[in-house]
Amino acid sequence: MKPMYKRVLLKLSGEALAGDKGFGINNDVVNEIAVAIKKIQEIGVEVSVVVGGGNFWRGRTSEGMDRTTADYIGMLATVMNSMALQDALENIDVQTRVQTAIEMRQIAEPYIRRKAVRHLEKDRVVIFGAGTGNPYFSTDTAASLRAAEMEAEVILLAKNVDAVYDKDPKVHVDAVKFDELTYLEVLQRELKVMDSTATSLCMDNQIPIHVFELSTDNIIKAVMGEKIGTIVR
Ligand code: UDP
């Protein structure tokens, strides 16, 4: 098995970790993701991960609260998810490091680019917590930023839909699925792939985004370069 990429950044949404529960962390799901990460690492892929926080908290939907405070709570939520994923990976003997964009040295390393790259070279999975460390951003933007910094060849965007459509396929039966898109098409048609800040960052730095439905098989297929989901480039 020869993977298509040497270094990838996997972006998991917070909701994905909640599974059917819709809130919090579903251990079965997290364990399954850990197994998938272990498998792609075993075939020689260096893996870094950015996890969302929407299963606990979203800054933009917290009514009445100061936006920046709400966003910081969101960033803390991503750290909880990062630690849960770290635990699941270490349970199956995958070496990991969590690095956070907000310092919390008792539980994780602070984000240091050179150190993160070194961890990847030593076959450790690096999980980036606390998003970008800045309010008004998203974990999608964190994923784009870290992918650029790590010189990852692709962002694997594992979602709860199987691809990008012109409209919500759960609401519209006639929704059209895209196999490939350009960054500009995503921006102009306001397709819900990533937010516009994250998409622009990928466009400016030529980082392809591979969107597919989260499952162990799909993560492996994406790394092998199989045509699943949608590729934005
Ligand atoms: N967040 C932030 N800055 C960042 C990353 C995240 O302020 O760089 C906050 C923001 O409030 C967001 C929340 O953290 O709503 C959770 O992250 P996100 O919504 O991206 O997670 P997902 O929706 O993918 O689960």
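What you are looking at is a predicted structure, and each value in this text was computed from that prediction instead of being measured.

Along its length, the chain carries 8 helices and 11 strands. When the backbone C-alpha atoms are referred to their principal axes, the chain occupies close to 50 × 50 × 35 Å. With 233 residues in all, the chain has 52% of them scored as buried. Within the chain, contacts between residues separated by at least 24 positions form 70% of all contacts whose residues are at least 6 apart in sequence. Accessible area of the chain: about 11300 Å², with a carbon and sulfur share of 48%.

For helix H3 (residues 67–91), with 25 residues, the first-to-last C-alpha span of 37 Å sits near the 36 Å given by 1.5 Å per residue. Phi turns positive, to about 65 degrees, at Asp 93, one or two residues after H3.

With numbering aligned to this structure, UniProt lists the feature "domain: Aspartate/glutamate/uridylate kinase" (unreviewed entry) at residues 6–212. Annotated as 40% helix and 19% strand, the span residues 6–212 places its first and last C-alpha atoms 19 Å apart.

For residues that are not glycine, phi is negative in most cases, and the peptide bond is trans in most cases. Despite not being glycine, Asp 123 shows a phi value in the positive range, around 60 degrees. Among the secondary structure elements, Asp 123 is positioned in the loop between helix H4 (113–121) and strand S5 (125–129). Within the chain, Gln 206 stands out as a residue other than glycine whose phi angle is a positive 55 degrees. Residue placement: Gln 206 occurs in the loop between helix H7 (196–204) and strand S10 (209–213).

Another aspect to go through is the site of the ligand. Neighbouring residues of the ligand: 22 residues in total, closest Gly 54, Asp 71, Thr 132, Asn 134 and Thr 139. Within the side chain of Thr 132, an N or O atom sits 2.6 Å from an oxygen atom of the ligand. Residue Asn 134 places a main-chain N or O atom 2.7 Å away from a nitrogen atom belonging to the ligand. Burial of the ligand by the protein amounts to 95% of the accessible area it has alone, namely 510 Å². Of all elements in the fold, only helix H1 (14–18) and H3 reach the threshold of two or more residues within the shell around the ligand. If you tally residues by element for the shell around the ligand, the top one is H3, at 3 residues.

What follows is about the packing of aromatic side chains. Tallied over the entire structure, the rule returns 2 aromatic pairs. Summarising the aromatic geometry, the rings of Phe 23 and Phe 56 are spaced 5.8 Å apart at their centres and angled 90 degrees between planes, so their arrangement reads as edge-to-face. Placement of the pair is Phe 23 in the loop between H1 and helix H2 (27–42) and Phe 56 in the loop between strand S2 (46–51) and H3, with a sequence separation of 33 residues. Residue classification places Phe 56 among the partly exposed residues on the basis of a relative accessible area of 23%. Between the aromatic rings of Tyr 111 and Phe 128, the centroid separation amounts to 5.6 Å while the plane-to-plane angle is 80 degrees, which identifies the pairing as edge-to-face. Of this pair, Tyr 111 sits in the loop between strand S4 (109–110) and H4 while Phe 128 sits in strand S5, placing them 17 residues apart in sequence. The pair formed by Tyr 111 and Phe 128 is uniform in burial state, with each residue classed as buried. Against the face of Tyr 111 rests Arg 146, its NZ or CZ located 3.5 Å from the ring centre. A cation over an aromatic ring shows up here: Arg 146 above the ring of Phe 128, its NZ or CZ 5.6 Å from the ring centre.

All chains considered together, the criterion is met by 12 salt bridges. As a salt-bridge pair, Arg 105 and Glu 103 come within 2.9 Å of each other at their nearest N and O atoms. Per residue, the accessibility class of Arg 105 equals that of Glu 103, and both read exposed.

On to the UniProt feature "binding site: ATP" (unreviewed entry) in the chain, then. Those residues carrying the UniProt feature "binding site: ATP" (unreviewed entry) are Lys 11, Leu 12, Ser 13, Gly 14, Gly 54, Arg 58, Asn 160, Tyr 165 and Asp 168 in this numbering. With a sequence span of 158 residues, these residues are also far apart in the fold, their greatest C-alpha distance being 23.9 Å. Mapped onto the secondary structure, Lys 11 falls in strand S1 (residues 7–12). In this structure, Lys 11 is in contact with Val 50, Val 51, Gly 52, Thr 139, Asp 140, Ala 143, Ile 155, Leu 156, Leu 157 and Ala 158, ignoring residues within four places of it in sequence. In terms of polar contacts, Lys 11 uses its side chain to reach the side chain of Asp 140, at 2.7 Å.

Basis of the calculations
- Residues numbered from 1 in each chain as written.
- Predicted model: local features only at pLDDT ≥ 70, side-chain atom pairs only at ≥ 80, totals over all residues.
- Heavy atoms only, no water.
- Helix = DSSP H or I, 4+ residues; strand = E, 2+ residues; numbered from the N terminus.
- Buried < 20%, exposed > 50% of the residue type's maximum accessible area, 1.4 Å probe, protein only.
- Contact = heavy atoms within 4.5 Å.
- Areas by Shrake-Rupley, 256 points an atom, 1.4 Å probe, with all protein chains shown as cover.
- Expected span 1.5 Å × (residues − 1).
- UniProt positions renumbered as here; feature names shortened; annotations may be inferred.
- Near = heavy atom within 4 Å.
- Polar contact = N/O pair within 3.5 Å; in protein donor to acceptor, adjacent residues only side chain to side chain.
- Phe/Tyr/Trp six-rings, centres within 6.5 Å; stacked < 30°, edge-to-face > 60°.
- Lys NZ or Arg CZ within 6 Å of the ring centre and 35° of its normal.
- Salt bridge = Lys/Arg side-chain N within 4 Å of Asp/Glu carboxyl O.

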